[in-house]
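# Summary of the model geometry
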Amino acid sequence: GGIITQTPKFLIGQEGQKLTLKCQQNFNHDTMYWYRQDSGKGLRLIYYSITENDLQKGDLSEGYDASREKKSSFSLTVTSAQKNEMAVFLCASRGTGGPETLYFGSGTRLTVL
Amino acid sequence: GDSVTQKEGLVTLTEGLPVMLNCTYQTIYSNAFLFWYVHYLNESPRLLLKSSTDNKRTEHQGFHATLHKSSSSFHLQKSSAQLSDSALYYCALSDTPGGNYKPTFGKGTSLVVHP
């Protein structure tokens, strides 16, 4: 089996700061995702990537950048952290062949002071 | 576009009572896959059930769900709730292969089971 590793687990930033979240997978999956999890709002897609060097915007991409320089890694940057923002960011990957199962990391919890 | 509706944001149950979490969906594709993911506190969300076959019951870890295309529903059920079932449950939809890489998630239902 494989694993998805997200770093850091906890991220504390200051208002206006640029913050980067990292995700690594060893499933050899092509497609990777970044979701934001907020209570009562479910999982909202920020960015996804179908293959290395591909980037696709999700429904919540404003205020974020992403990078997929290697097949195994997918990073997300908060371009300017918003004061009092708190959320959990989840990375996921999915194999090819159609509507396959998503495999998730354990998340990065962001707090902006 | 596709949509998934989980009408209950919070379900609170006494241990031993049956569980039913509602999920309805909209899609134009006849071969859509429906999924239930479970997210326990301090763990990663993971797949609980999935199905694309109409009227076939799918079971895993005591939970079951049946995809009913006629009513566009995929409700999650369990005969007897346990304290350890307390978690956040997401229903998700993924349509036909080859075109859509964006599964659609519902807003999630938080299940709280108390003694």
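The shown structure was predicted, so the numbers you read here are calculated from the model rather than taken from an experiment.

## Quick word on the interface of chain A and chain B
Taken together, the 23 residues of chain A in the interface contact 21 residues of chain B. Joining chain A to chain B, the criterion identifies zero salt bridges. Linking chain A with chain B are seven residue pairs in polar contact (both at pLDDT 80 or more). Of all the elements in the fold, those that place two or more residues in the side of chain A that touches chain B are strand 4 (31–38), strand 5 (42–49) and strand 9 (86–94) of chain A.

## Observations concerning the sheet that holds strand 7 (residues 64–70) of chain A
All names here are of chain A. Sheet architecture is open: four strands sit in the order 1-3-8-7, paired in antiparallel fashion. Two strands in the sheet have a free side with no partner beyond their single neighbour: strand 1 (4–7) and strand 7. Within the sheet, the average angular offset between the axes of one strand and its neighbour, ignoring direction, is 15°. Pairing of strand 7 with strand 8 (residues 73–78) involves five bridges; the strand directions are antiparallel. Looking at the pairing, A66 lines up with L76 of strand 8.

Cut-offs and rules
Residues numbered from 1 in each chain as written. Chains lettered and ligands numbered in written order. Predicted model: local features only at pLDDT ≥ 70, side-chain atom pairs only at ≥ 80, totals over all residues. Heavy atoms only, no water. Contact = heavy atoms within 4.5 Å. Salt bridge = Lys/Arg side-chain N within 4 Å of Asp/Glu carboxyl O. Polar contact = N/O pair within 3.5 Å; in protein donor to acceptor, adjacent residues only side chain to side chain. Helix = DSSP H or I, 4+ residues; strand = E, 2+ residues; numbered from the N terminus. Pairing = 2+ DSSP bridges. Axes fitted to C-alpha atoms, helices over the stretch in contact; angles between N-to-C directions.

So, to be careful, I would describe these as geometric facts and stop short of saying anything about function.
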